[in-house]
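# Fold and geometry: a report
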2 protein chains.
Amino acid sequence: MTVSNPPPLANAQAIAERAQDHVGAGRLAASLAALASFGLRHDGGVSRETLTATDLAARRHLIDQARALGCTVGIDDCGNLFFRRPGREDLPPVLTGSHADTQPVGGKYDGAYGVLAGLEVIAALNAAGIETLRPIEVVSWTNEEGSRFGPGAMGSSAFVEPARLAGYRDVADAAGIRFGEALDAALAESHDVTRVPMARPMAACVELHIEQGPVLEGANVPLGVVTGIQAVRWFRVECTGTMAHAGTTPMAVRCDAMAAAVAIAQDLYALAPRHAATPGTPELRLTLGRWSVAPNSVNTIPGHVTFTVDMRCLDDAALDRAEAALRAVCVRHAHAPEAVTVTRFFHREPTHFPEAMLGTIERACARASRNAGRALPVRLTSGAFHDAMYLADHCPTAMIFVPSKGGISHNAAEDTEGADLFLGAQALAYTVAELASR
Amino acid sequence: MTVSNPPPLANAQAIAERAQDHVGAGRLAASLAALASFGLRHDGGVSRETLTATDLAARRHLIDQARALGCTVGIDDCGNLFFRRPGREDLPPVLTGSHADTQPVGGKYDGAYGVLAGLEVIAALNAAGIETLRPIEVVSWTNEEGSRFGPGAMGSSAFVEPARLAGYRDVADAAGIRFGEALDAALAESHDVTRVPMARPMAACVELHIEQGPVLEGANVPLGVVTGIQAVRWFRVECTGTMAHAGTTPMAVRCDAMAAAVAIAQDLYALAPRHAATPGTPELRLTLGRWSVAPNSVNTIPGHVTFTVDMRCLDDAALDRAEAALRAVCVRHAHAPEAVTVTRFFHREPTHFPEAMLGTIERACARASRNAGRALPVRLTSGAFHDAMYLADHCPTAMIFVPSKGGISHNAAEDTEGADLFLGAQALAYTVAELASR
């Protein structure tokens, strides 16, 4: 990128405002539509799972777009793509971006919006002729969704802690393809891109994302300052009974795994309202999402039932209490030792973004909203994971949310108003420009 | 069959006793082992689904065995095989038998025992040189199990009401083969067997079967007089909610299909003990056996949950009340009209076997048990369907049960003591000989 006639470096806030004012609504909308064409479905959704041929084509498109904006492009060992706009000094860069992969059936904005708004920030800086103190990098993380290869956020978590990559490489998809194979193919396809190290120092990280929940829409507020990400714990509850004939087995001698599972589930559903009865505590969210019943036959008493518990709260101590309650409920409904087992198979402590980052974002959001005659930003927490969750372990990090219509996500019906998408990109431009100027 | 020197026709009871005393334990055991070799598995189970190549080979084996005993063989339009020992007069025959098909993984005795014990009765009559007044026919019904082509008991229900056959012929198995095609192949393979009419008059029908439940074993009684078959109703309960992100969706705005399903299920499980609180009423049996959850993902609130309710009782009025309670529970837990729907997709009224038949069977069982120094027979009801359920619509019908170890059935581990199998065949010989002598 060449800035023909660089303006004097004004104070950070003035630079931020000029960057914000140069964000182009039409340019952003065109760029979102262009990326959505990779995997676009007839129902308006997007199918672009990580490292598929569609995703590789989208990656090439992003590389071309970034180079057209004057960026240099780097890729790390986990296939994360970095689009770099140099700064006046070779300091640790300010990082923004998100992911370009989708769920098997996803929408146009989950992830893609954060990447393309990052490139729009670079376009705005170019248009404003701004040279920032620090470099700015827009990242497109590999496999945030985790639908093809679990877990999700492989790219960002491996960037922060590269030792994780070795384990990820062995994960196979439903067709038996290992993540490592798919990754090597993507790296080979990016032979013209410079390899950059993992875990490089970053000055700060800001991720712009759709909310994927109903809070902002319900409040009629276009921009949200994300203060943190809920803690989460995932459990597998396994109930073992005795498979037997539904017609011939008297009730008194039954050992019905589904009856035990239902009794446990009923007690679990009672935990959240009981927790909510304590005023001022962050909400406890409980989801019993995946069930497996064997032999799953109309006229056979279930011998084995497994279900998952997804438990979230911003307060980890509340999750400690909920986990203890879950274990007690399972013991209470077990007809014999080992008849009900509880396994915690994933957990993540809450993420709290630093107040200094929140202040910058809040000013950025407030100015964009005010200029548009919209309501001022609100603070909210993220119920979903994001790549920013792992980056928060690496550098000062925060997030900006825009509303999701009906709170719908991971669905072809996912949608956000164009005006809100534009305000989000404006808030991001302000934030990134200010952070890169100090 | 030729009886070289027929004895004078004594009274029916004396004939019955002589028939009973000529049942051969070793012959029966050998015959059971021989049929089990068709589809025998390494784990001791038998895989012989209806009208498969294995089943066709087993049918040919049965035809050969019956002919060796002097029987004529007939086949009807539904592939039911009839092995006939003539009587002194050409009266409607006494029918016994069961089915030779198995579940995908079944045992050696479910069905097969009733057919082979029927052939053993003929062998015993031959050995005793008895000529009965009426013909005796041993039947092997087509597709009792219903696992390959649903519903079960196609052969016996079509025999009783031939109009059912047209509908059955269109049912396809998982490979897309229609029952009609498989049946025609079996009929073609039996070109040397006389076609006999459906719905022929029968004087009486007795089916000997393993209990498939724990009652006789629990009481340490070798023989059970089956008084009837429970009524059954099958329902599909469908709960519709809104699929949403487990992390981002506040509890207050959720519409969780699984939470509704669990609440309904919990109330349903409470019905059976409440029903049992009324002394003297037959037991209400409730099974919630088959569940389907969408999208069935750890971190997505279920948008759709379907489960089945198998409801059985000997008292149809009790099922009326239970069905009304089910519908009321579903209305109570529906967050909106149409959010929970209940569909009854199968039902059968209770079968009560006639007392005259039960008396004969009771005498038969008592004499066999007493001679063996075992406990006297008990009366019990069948929780499972049997071909006898349909035959009861056609002629005086009843059943005899022998114990199932651990109550286990539809499983390779299905088993019954050889001594009990022998006593069951003795009881059958007595019953059939007496019924055929009057």
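Quick caveat, the model's predicted, so the values are computed rather than measured.

Reading guide: rules and limits
Residues numbered from 1 in each chain as written. Chains lettered and ligands numbered in written order. Predicted model: local features only at pLDDT ≥ 70, side-chain atom pairs only at ≥ 80, totals over all residues. Heavy atoms only, no water. UniProt positions renumbered as here; feature names shortened; annotations may be inferred. 1 Å grid on protein atoms, 1.4 Å probe; cavity = no way out; pocket = protein on both sides within 12 Å on 5 of 7 lines; lining within 4 Å. Contact = heavy atoms within 4.5 Å. Helix = DSSP H or I, 4+ residues; strand = E, 2+ residues; numbered from the N terminus. Buried < 20%, exposed > 50% of the residue type's maximum accessible area, 1.4 Å probe, protein only. Polar contact = N/O pair within 3.5 Å; in protein donor to acceptor, adjacent residues only side chain to side chain. Pairing = 2+ DSSP bridges. Points joined across faces, edges and corners; volume = space filled by probe spheres on them. Least-squares fit on C-alpha atoms with pLDDT ≥ 70 in both. Buried area = accessible area lost by both parts, 1.4 Å probe. Salt bridge = Lys/Arg side-chain N within 4 Å of Asp/Glu carboxyl O. Phe/Tyr/Trp six-rings, centres within 6.5 Å; stacked < 30°, edge-to-face > 60°. Lys NZ or Arg CZ within 6 Å of the ring centre and 35° of its normal.

With that settled, the discussion passes to the UniProt feature "binding site: Zn(2+) 2" (unreviewed entry) in chain A. Mapped onto this structure's residue numbering, the UniProt feature "binding site: Zn(2+) 2" (unreviewed entry) falls at Asp110, Glu145 and His410 of chain A. A maximum C-alpha distance of 9.6 Å among these annotated residues, which run over 301 residues, shows that they cluster at one spot. Lining residues of the second largest pocket drawn from the annotated set just named are Asp110, Glu145 and His410 of chain A. Setting aside residues no more than four positions away along its own chain, Glu145 of chain A makes contact with His99, Asp101, Thr102, Gln103, Asp110, Gly152 and His410 of chain A. Tracing the backbone shows His410 of chain A in the loop between strand S17 (397–402) and helix H14 (418–435). Residue His410 of chain A is classed as partly exposed on the basis of its relative accessible area of 22%. Leaving out residues up to four positions away in the same chain, His410 of chain A has contacts with Gln103, Val105, Asp110, Glu145 and Gln212 of chain A together with Met243 and His245 of chain B. Side-chain polar atoms of His410 of chain A contact the side chain of Asp110 of chain A, separated by 3.4 Å.

All names here are of chain B. The buried fraction of strand S4 (residues 136–141) is high, at 6 of 6 residues. Because side chains alternate across S4, one face comprises the buried residues Ile136, Val138 and Ser140, and the other comprises Glu137, Val139 and Trp141, equally buried. Bridge count between strand S2 (residues 81–85) and S4: 5 bridges; the pairing is antiparallel. Bridge pairing in S4 places Arg85 opposite Ile136. Where strand S3 (residues 94–99) and S4 come together, 6 bridges link them in parallel fashion.

Further remarks concern the layout of surface pockets. Vacant regions in the atomic arrangement are exposed by a probe of water-molecule size rolled over the atoms. The calculated volume of the largest pocket comes to roughly 1,100 Å³. Residue lining of the largest pocket: 46 residues in total, with Ser297, Asn299 and Thr300 of chain A together with Gln103 and His410 of chain B positioned closest to the centre. For the lining of the largest pocket, the elements supplying multiple residues, two or more each, are strand S9 (244–245) and strand S12 (300–301) of chain A together with strand S14 (340–348) and helix H13 (387–391) of chain B. Quantified by volume, the second largest pocket comes out at close to 750 Å³. For the second largest pocket, the lining is made up of 33 residues, of which Gln103, Glu145 and His410 of chain A together with Ser297 and Asn299 of chain B are closest to its centre. Looking at the lining of the second largest pocket, the elements that each hand over two or more residues are strand S14 (340–348) and helix H13 (387–391) of chain A together with strand S9 (244–245) of chain B.

A few words now on the relation of the copies chain A and chain B. Taken as rigid bodies, chain A and chain B are interconverted by a rotation of 180° and an axial shift of 0.4 Å, the fit giving an RMSD of 0.3 Å. Considering both components of the superposition, the chain copies are consistent with a two-fold axis. Proximity to the rotation axis, assessed at the C-alpha, singles out Val262 of chain A in chain A; its C-alpha lies 2.8 Å from the axis. Comparing interface residues between copies, 100% of those in chain A also lie at the interface in chain B; the contact surface is shared.

At the interface, 52 residues of chain A touch 52 residues of chain B. Buried area between chain A and chain B, summed over both chains or domains, comes out near 4,100 Å², and the portion from carbon and sulfur atoms is 61%. Counting the surface chain A buries against chain B, the share from its top three residues, Thr248, Met251 and Val298 of chain A, is 16%. Summed over the shared surface of chain A and chain B, the number is 0 salt bridges. Broken down by secondary-structure element, the contributors of at least two residues to the side of chain A that touches chain B are helix H9 (257–269), strand S10 (285–287), strand S11 (291–294), S12 and strand S13 (304–313) of chain A.

Right, let's get into the side chain of Glu207 of chain A. Mapped onto the fold, Glu207 of chain A is located in strand S6 (residues 204–210). For Glu207 of chain A, the side chain forms a polar contact with the side chain of Ser98 of chain A, separated by 2.7 Å.

Let's shift gears to the packing of aromatic side chains. Per the stated rule, a full pass over the model turns up 19 aromatic pairs over all chains. For the pair Trp291 of chain A and Trp291 of chain B, a centre-to-centre distance of 6.2 Å together with 10° between the ring planes defines the contact as stacked. Taken together, the positions of Trp291 of chain A in strand S11 and Trp291 of chain B in strand S11 (residues 291–294) put the pair across two chains. The pair Trp291 of chain A / Trp291 of chain B is uniform in exposure class, with both members buried. Aromatic side chains Trp234 of chain B and Phe345 of chain B sit 5.9 Å apart centroid to centroid with 50° between the ring planes, which places their arrangement in the tilted category. Of the two residues, Trp234 of chain B sits in strand S8 (residues 231–240) while Phe345 of chain B sits in strand S14, which places them 111 residues apart along the sequence. In this structure Trp234 of chain B comes out as buried when scored by relative accessible area, which is 15%. A relative accessible area of 33% means that Phe345 of chain B is categorised as partly exposed. Site record: aromatic cluster; members linked through ring pairs are Trp234, Phe345, Phe346 and Phe385 of chain A. The ring centre of Tyr390 of chain A lies 4.8 Å from the NZ or CZ of Arg348 of chain A, which sits over that ring.

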